[in-house]
Every structure is written in structure tokens, then in C-alpha cells.
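# A look at the structure
Residue-level listing of the chains:
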Amino acid sequence: MAKKKKNRPTWDEYFLKLAMLASERATCPRMHVGCVLVKNKFVLATGYNGSLPGQPHCDDVGCLIVNNHCVRTNHAEINALVQATTHGVNINGTNAYITNMSCTNCAKALIAAGIKRVVVFSDYHETLATQFYIDAGVEIAKLNMPQKEIHYDLKNYSSAKKTKKSR
Ligand SMILES: [Zn+2]
Ligand SMILES: [Zn+2]
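Here the structure is a predicted model, which is why all the values come from computation and not from measurement.

What counts as what
- Residues numbered from 1 in each chain as written.
- Chains lettered and ligands numbered in written order.
- Predicted model: local features only at pLDDT ≥ 70, side-chain atom pairs only at ≥ 80, totals over all residues.
- Helix = DSSP H or I, 4+ residues; strand = E, 2+ residues; numbered from the N terminus.
- Buried ≥ 20, exposed ≤ 12 C-beta atoms within 10 Å, placed from the backbone.
- Core = buried A, V, L, I, M, F, W, Y, C linked by C-beta atoms within 7 Å.

The subject of this paragraph is unusual backbone geometry. A positive phi angle, close to 60°, is found at Lys41, a residue other than glycine. Within the secondary structure, Lys41 is located in the loop between β1 (34-39) and β2 (42-48). A tally of 9 C-beta atoms within 10 Å means that Lys41 is categorised as exposed. Notably, Asn68 is not glycine yet its phi reads approximately 65°, a positive angle. Looking at where Asn68 falls in the secondary structure, it is placed in the loop between β3 (65-66) and β4 (69-70).

In C-alpha cells, the structure reads:
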């Protein structure tokens, strides 16, 4: 049997890594979350928690706290849904890859939009999301956090070296 290549992620790990990458765009210092909506290994939409378009970011003007939660941003799941909506993409039947388990409201929005499976590696505090997902028949997969590193080696994995030599 062929040996599994070191550093080659599974599909679930691959899309979770994309969610981790999306979270790098988050603008609230209290929380960095990324969400990627995937159907048949095809990325339909991505999102991260951030302010409304044109509005100031928590990183620049501070958080807007109500009941100990920052309410300035739309959450990653909502922003992924909004991206799909604004592009006319139907996300019914998709997998949602999220860095953190959803909050209750995002879980309800994803369920209403027809997602079938949620893949996460981290929990969210005080949330009924898991119960809502279970009640709606949405499969929950909790994985270990994939390796953070991007294993791209310019010298070995591109023709750059060769090109340089052949000059
Ligand atoms: Zn904030
Ligand atoms: Zn949320």
C-alpha cells in the first residue's frame, strides 16, 4: 500500500485550513473565525467575522459590546451565506467548514439555508448550536486542528530553481 504523503491534508483538513486562512481576515480582536461552504469538493463561498461593508473595524475603533458580546461584526457563517446570496449561489446541501462551533444564531441561519454537515475543530462558548444541528439532522464532525503551516517550498515545488539554473 502506498504510504500517505507527509503534509498532504485530507479533504476535511484541506477545507478546514481554508477556513483558518479566511479567519486571518477577521477584524474583531475578541474572535477570529473563518467559514467555508463546500459542495462536492467545490468551494461556493467563504466568510470571516467582520464589520459591515464601509463600516469601521473593531481593530480600529474598538469593539461594540452588548451583554458581553461584540455585536459590531457579522459572523463568518453569516458573511459566507451573504456572499453566496449576493452571487446567486444555492448552498442547499453544502458542508460548512468552520474554525469554531457556531453561535446559536449562525447555526439557525445555516440550517435554514440547507447545510447538511458541519466540520469544526474548536468550540464556541455558551451555544445551543449543537442541539439545533442535531435536531435538524445536520451531521457534526469535530476534527483535531489541522497543521497550521502551509507547506509550500518554492525551491522544491516549482520550476523556479530550474529556470534560474537554465539561464
Ligand atoms: Zn469586536
Ligand atoms: Zn455566529
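Next, the rest of the story.
Our focus in this paragraph is the nonpolar core. Counting residues in each nonpolar core, the largest one holds 38 residues, and the members touching the most others are Ala19, Cys35, Tyr97 and Ile98. At 5 residues, helix α1 (residues 11-23) tops the list of elements feeding residues into this core.

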